[in-house]
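Commentary on secondary and tertiary structure
Residue-level listing of the chains:
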Amino acid sequence: MSDCLFCKFVSGELKTDIVFENDQVLGFKDIYPQAKEHYLFISKKHTENINEMMSSDSEGVLAVYAAIKEFTTEAGLSDTGFRVVTNLGRDGGQTIFHTHFHVLAGEALGSFGS
Ligand code: AMP
Ligand code: ZN
C-alpha cells in the first residue's frame, strides 16, 4: 500500500532498525519502546488489522509467529519470556493500520490489563 508507513519499511523506501527478515516477515524496533526491548513483527503483505489478516493472509499469521519464535530463541528472550500483543481498532488502541505484533521483553512486565 503506497501510503502505509510499514509497507515503506518492507520496500526499503524508508529505513528502520530491522532485527529480523525473511521472505514473508519483517521485524524491527519500535520507535517508542514500551518495555526495555520492544519489537514489531509484520507480514510483508499489507492487511489493515488482525481480523482482515486472518481472512486474506492467514499463512502470514503463522509466518509471523514462526519468526517471533526464531528471533526470540536466537536473542535469548525465550528463556526469560516475552509478551506478544496485537491491537485492533479504536478501543484496542491501534494507531498504525498495517497489522503488527508487538513483542515486549527484557524486563518483568506488569500484570496484563491493569
Ligand atoms: P499500535 O498502537 O498498536 O498501532 O502500534 C503502533 C506502534 O508503531 C507504536 O508502538 C509506535 O511506537 C510504533 N511506531 C510508530 N511509528 C514508528 C516508526 N517510524 N518506526 C517504528 N515504530 C513506529
Ligand atoms: Zn502496509
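What counts and how
- Residues numbered from 1 in each chain as written.
- Chains lettered and ligands numbered in written order.
- Predicted model: local features only at pLDDT ≥ 70, side-chain atom pairs only at ≥ 80, totals over all residues.
- Heavy atoms only, no water.
- Helix = DSSP H or I, 4+ residues; strand = E, 2+ residues; numbered from the N terminus.
- Buried < 20%, exposed > 50% of the residue type's maximum accessible area, 1.4 Å probe, protein only.
- Contact = heavy atoms within 4.5 Å.
- Near = heavy atom within 4 Å.
- Polar contact = N/O pair within 3.5 Å; in protein donor to acceptor, adjacent residues only side chain to side chain.
- Areas by Shrake-Rupley, 256 points an atom, 1.4 Å probe, with all protein chains shown as cover.
- Nonpolar A, V, L, I, M, F, W, Y, C, P; charged D, E, K, R; others polar.
- Donors = N, O, S within 2.8 Å, 3.2 Å for Na, K, Ca; no water.
- Tetrahedral: all angles 85-135°; square planar, octahedral: opposite > 155°, others 65-115°.

Details of the environment of Ile96
Residue position: Ile96 is located in the loop between helix H5 (89-92) and strand E5 (101-105). Looking at Ile96, the relative accessible area reads 23%, which means it is partly exposed. As for Ile96 and Lys36, which are separated by 60 residues in sequence, their C-alpha atoms are 21 Å apart. In this structure, Ile96 is in contact with Leu5 and Phe6, ignoring residues within four places of it in sequence.

Thoughts on the site of ligand 1
In the neighbourhood of ligand 1, 15 residues make up the surrounding shell, with Asp30, Asn87, Thr95, His100 and His102 lying closest. Asn87 places a polar side-chain atom, nitrogen or oxygen, 2.8 Å from an oxygen atom of ligand 1. Taking Ile96, its main chain carries an N or O atom lying 3.0 Å from an oxygen atom of ligand 1. In isolation ligand 1 offers 510 Å² of accessible surface; the protein chains occlude 83% of this area. The element contributing the most residues to the shell around ligand 1 is helix H1 (residues 5-11), with three residues. Split by residue class, the shell around ligand 1 holds seven nonpolar, six polar and two charged.

Focus: the coordination of the zinc ion (ligand 2)
The protein atoms donating to the zinc ion (ligand 2) are Cys4 (SG), Cys7 (SG), His46 (ND1) and His98 (ND1), with metal-donor distances spanning 2.0 to 2.3 Å. Considering all four donor atoms around the zinc ion (ligand 2), angles at the metal cover 105 to 116° and the coordination shape is tetrahedral. Residue Cys7 is classed as buried on the basis of its relative accessible area, which comes to 12%. We classify His46 as partly exposed; its relative accessible area is 22%.

With respect to the environment of Ser43
Tracing the chain through its elements places Ser43 in strand E3 (residues 37-43). The residues touching Ser43, leaving out its near neighbours within four places in the chain, are Gln24, Met53, Asp57, Gly60, Val64 and His98.

Structural measurements only, silent on function.
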